Amino acid sequence: MKWNHFKSKLLLKYIVSYLSICLIPLVILTVFIYQNAVNNLRSEIEQTNVNQLTQAKKSIDDRMKELQNIATRIAFDEQLSSYQVHHPYFSRDAINALDKYKVTSAIIDELFLYFRGDNVIYSSQGLTNLDVFTKSYMFHNWTKEAFVQDLNHMNVPTIRPAELVNRNSVQESKLAYLVPITPNSPYPHATIMYWINESMLTGLIESILDNFQGNSYIFDTNGQILAANNQGALNSKQDIELLSALGPGIHSMTLNHEQHSVVSIKSEVNGWTYVTSMPSAQFFSRIFHIQTIIVYVFCIVVLAGTVIAIMLARRQYHPIFNLMEYAKLNTESVSGTPSPASNELEWIQKTLHDYSSRVDIQEPYARNQYLFMMLKHGNASYMNRDLMDKLGIQLDRTHHFVIHMGWDVTPGLQDDLHERQVIMELLTEVEIPEYEAHAYGVELPQPDQLALLISFTTELAIPVNIRMEQIVEALRISVMESSNLIPAIGVGTCYTTLEQLNQSYIEASSAFECRMVNGKGSVTFFDKLSYTQDHAFWIPKDVLLKLAQSLKQGSHDVAIHMVGNALANVKNEKLTVPLLRCICFDILNTMLKTASEMGINDVVQDLPNITSFDSLEELEQKLLRLASQICSQVEQKTDKEERSLMDQIVAYIDEHYTDYTLSLETISLKYAISSSYFSRSFKEKVGTNFSQYIWQKRMEEVIRQLLTTTDSLKDIINRVGYLDTPNFIRKFKKETGHTPGQYRKLFASDEIASTAEDV
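All values derive from a computational prediction rather than experimental measurement. (Residues numbered from 1 in each chain as written. Predicted model: local features only at pLDDT ≥ 70, side-chain atom pairs only at ≥ 80, totals over all residues. Heavy atoms only, no water.)

1. Let's talk about the overall build of the chain
Right, so step 1: Secondary structure assignment for the chain yields 27 helices and 18 strands.
Right, so step 2: When burial is assessed residue by residue, the chain has 44% of its 759 residues classed as buried. (Helix = DSSP H or I, 4+ residues; strand = E, 2+ residues; numbered from the N terminus. Buried < 20%, exposed > 50% of the residue type's maximum accessible area, 1.4 Å probe, protein only.)

So this is what it looks like as structure tokens:
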């Protein structure tokens, strides 16, 4: 395929269409696979988080149970009774006992024992006054008063959220877990206080985040943060409130304007809520290798699909391109390039529409010509049956005959031309359903005359001649009802085959010539022209009539057939030689008389040779040669007259083409020929139809005046006989590619182009 083919919008449209067919499913499949991989990975990670968070919760719950068990053991330990702790001698043992309890749990940072009402507090480090204690350990949010109040009045185990504690000028984040003892007693006498580093709790759930960036929280029953581990962006207070209120399970939430995957677990032991939140975007980074594979596969498929799309588009475009080139070649040779189109298919559509329009215009003339050839030659084998079907000619009944119809000019009738046009249109194709007949009209070369080819089917009970009379009368009445003209009609013999239509036409023409004898508006049947002979061996009158008519029309086939029929009757009789010569001279006289009427006089020179014969067979051969010679000269004379007439008409048109009244009808009326005959003969003579010829002549004159005069465009167009200026400009631009004004500026001399008036 040539590179410039890719400039075609149609080809690009095909390529895009095939690419779309390939890429749309591919993109959908790729997105589906990618989303499925991301969702599976996300689901896997979230389920892992749930499992790990559940393990962390269980571990912390176990540690907190362990602290409560330690508090219970301390409550019943005699070494840590109030008496022993306050005794000057045994107090040291109590301090050591506290230190032993401290090391039994890994999460205890420090353990304190406080007997309610005292002003001192005991730890594994020793005895400390409360005033000294609160100065050494300074909580940010736990004042001294609140601290002493909680130690003395806390009746249930309580844990305080993690907060910063200043310890020897070092800040540490710690949780305080207060357990009253004796446990479950309504009147506890002491309080055990555990200090737990926040990192000890968050460390247990830190493994859940693994390589992800995110945050983990432990909320108490009131929704306060007990411990938090932030490895990502800090959440706002509002977001934290949303996290604390979540129920157990996996959630998708928007935190800090970013989509997060949130896992929440609630402890049945202490009611705490464990929450982890991770940005969802991190899941996509874990499937980078999948993305890479998908991208590689996608690119390969796109490249392969593009190649296949181009090949398929080329395969589909190639026949369209060839068709367009063929159409261009034929279109340009006939009527120039058609109007521009957006793509090749639209161009072909417009071209076919133009062809169809021209065919619609020419079809009546084509059908008229085909039917005329049937009248002249019958349904000869060389005539195209397919063309007959395409022209819509259906002569498929059982019987066929021809009518020759004509009418004289009616004196005083103002619109005689219109009346004749009405009849021509009426009889172009006629259906007579009551008689199962179908007729086609053929406009003959003689003015105001036409022939009708009639095909009908009749019942066995109704004679053929009766049905013919009914059909002829129906047609005559139809013509008289539709116009003021009174037709004269000649009717040929009815035949059962289309091959004999030319004979029926000769007979109908012979009968039509008798209209002067039978009177105006008469109907003459050829069968009724013959008369009964006194002697059986005389040649029938109808044979001689058909012979004469066939010679007049140059119908070689019918003339030969009539000569054979005439001599066939003579051969069947046993006649004397003198009588035989007299009868044969009757045939010869008919032929010579017809030739003389047609202006063919040279055949008389061969008369001595024709009249000398020794047998009927020899005479038949000579008469056949004479008939062929007469028919040939009639055809030559007709062709010569037609050419001469067409030369006169073309000369007249060349002289008067600027007359806007010039038309097929005016020419036909002027030269006394039928419109269809004139249109057909003109196209054979000139090579184009009448309207195209007139248009071309006017175009050439407009172009000449545009290039040689400064007259206004409107004046020029009116002078050449075109009254519709806008329509002329549109047709001019369609044919030349420029408006008349543009054409003058491009091709006229500078002086004319600058001074011309294009209005």
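Resuming the write-up.
2. Considerations on helix 22 (residues 675-686)
Right, so step 1: With 12 residues, helix 22 extends 16 Å from end C-alpha to end C-alpha; this agrees with the ideal 16 Å at 1.5 Å per step.
Right, so step 2: Those residues of helix 22 that sit buried are Ser676, Tyr677, Phe678, Ser679, Arg680, Ser681 and Phe682.
Right, so step 3: The positive-phi residue at the C-terminal boundary of helix 22 is Gly687, with phi of around 95 degrees. (Expected span 1.5 Å × (residues − 1).)

3. Some thoughts on the pairing of strand 2 (residues 120-123)
Right, so step 1: Of the two faces of strand 2, both are covered, the one formed by Val120 and Tyr122 as well as the one formed by Ile121 and Ser123.
Right, so step 2: Bridge analysis of strand 1 (residues 110-115) against strand 2 gives two bridges, and the strand direction is antiparallel. Of the residues in strand 2, the one forming a bridge with Leu113 is Tyr122.
Right, so step 3: Here four bridges tie strand 2 to strand 3 (residues 126-129), and the two strands are oriented antiparallel to one another. (Pairing = 2+ DSSP bridges.)

4. Comments concerning the packing of aromatic side chains
Right, so step 1: Taken as a whole and assessed by the stated rule, the structure comprises 24 aromatic pairs.
Right, so step 2: Judged by centre distance (5.7 Å) and plane angle (90 degrees), the rings of Phe732 and Tyr743 are edge-to-face. Placement of Phe732 in helix 25 (residues 725-736) and of Tyr743 in helix 26 (residues 740-747) is noted, with a sequence separation of 11 residues between them.
Right, so step 3: Residue classification places Phe732 among the buried positions, given a relative accessible area of 0%.
Right, so step 4: Overall, Tyr743 belongs to the buried group, its relative accessible area being 16%.
Right, so step 5: Members of the aromatic cluster, connected to one another through ring pairs, are Phe112, Phe133, Tyr137, Phe139, Trp142, Phe147 and Trp195.
Right, so step 6: Over the ring of Trp695 we find Lys731, and its NZ or CZ is 4.4 Å from the ring centre. (Phe/Tyr/Trp six-rings, centres within 6.5 Å; stacked < 30°, edge-to-face > 60°. Lys NZ or Arg CZ within 6 Å of the ring centre and 35° of its normal.)

5. Quick notes on the layout of surface pockets
Right, so step 1: Its volume calculated, the largest pocket comes out at about 1000 Å³.
Right, so step 2: Contributing to the lining of the largest pocket are 37 residues, with Phe372, Pro445, Gln446, Thr638 and Glu642 lying nearest its centre.
Right, so step 3: Sorting the residues of the lining of the largest pocket by element identifies helix 10 (344-377), helix 14 (501-512), helix 16 (541-552), helix 20 (616-656) and helix 22 as the ones contributing at least two each.
Right, so step 4: Among the elements that line the lining of the largest pocket, the one with the most residues is helix 20, at eight residues.
Right, so step 5: Considering only residue class, the lining of the largest pocket consists of 14 nonpolar, 12 polar and 11 charged. (1 Å grid on protein atoms, 1.4 Å probe; cavity = no way out; pocket = protein on both sides within 12 Å on 5 of 7 lines; lining within 4 Å. Points joined across faces, edges and corners; volume = space filled by probe spheres on them. Nonpolar A, V, L, I, M, F, W, Y, C, P; charged D, E, K, R; others polar.)

6. A closer look at the environment of Gln291
Right, so step 1: You can see Gln291 is positioned in helix 9 (residues 288-335).
Right, so step 2: Residue classification places Gln291 among the partly exposed positions, given a relative accessible area of 25%.
Right, so step 3: For Gln291 and Ala37, which are 254 residues apart along the polypeptide, the C-alpha to C-alpha distance reads 9.7 Å.

7. Considerations on the nonpolar core
Right, so step 1: Core analysis: the biggest nonpolar cluster contains 42 residues, and Leu67, Ile74, Leu80, Leu113, Tyr194 and Ile218 have the highest contact counts within it.
Right, so step 2: Here this core gets 10 residues from one element, more than from any other, and that element is helix 1 (residues 9-75).
Right, so step 3: With residues up to four places along the chain from it excluded, the contact list for Tyr194 reads Leu67, Ile70, Ala71, Ile108, Glu110, Leu111, Leu175, Ala176, Tyr177 and Val179.
Right, so step 4: Counting 34 residues, the second-largest nonpolar core is a separate cluster that includes Ile506, Leu567, Leu624 and Ala627. (Core = buried A, V, L, I, M, F, W, Y, C linked by side-chain atoms within 4.5 Å. Contact = heavy atoms within 4.5 Å.)

8. Thoughts on the sheet that holds strand 17 (residues 488-491)
Right, so step 1: Spatially, six strands are ordered 14-15-16-13-17-18 in an open sheet, and the strand pairing comes out mixed. The sheet terminates laterally at strand 14 (429-432) and strand 18 (523-525), the two strands that pair on one side only. If you compare each strand with its neighbour and ignore which way they point, the axes differ by 20 degrees on average.
Right, so step 2: As judged from the four bridges shared by strand 13 (residues 399-406) and strand 17, these two strands associate in the antiparallel manner. Residue pairing in the sheet places His404 in a bridge with Gly490 of strand 17. (Axes fitted to C-alpha atoms, helices over the stretch in contact; angles between N-to-C directions.)

9. Structural notes on the confidence of the model for the chain
Right, so step 1: Within the chain, residue pLDDT values average 80, and 86% of them lie at 70 or more.
Right, so step 2: Contacts for the low-pLDDT stretch residues 332-339, under 50 throughout, to residues beyond four places or in other chains number 12 contacts.
Right, so step 3: Counted against residues more than four places away or in other chains, residues 531-536, with its pLDDT under 50, gives six contacts. (pLDDT = per-residue confidence, 0-100.)

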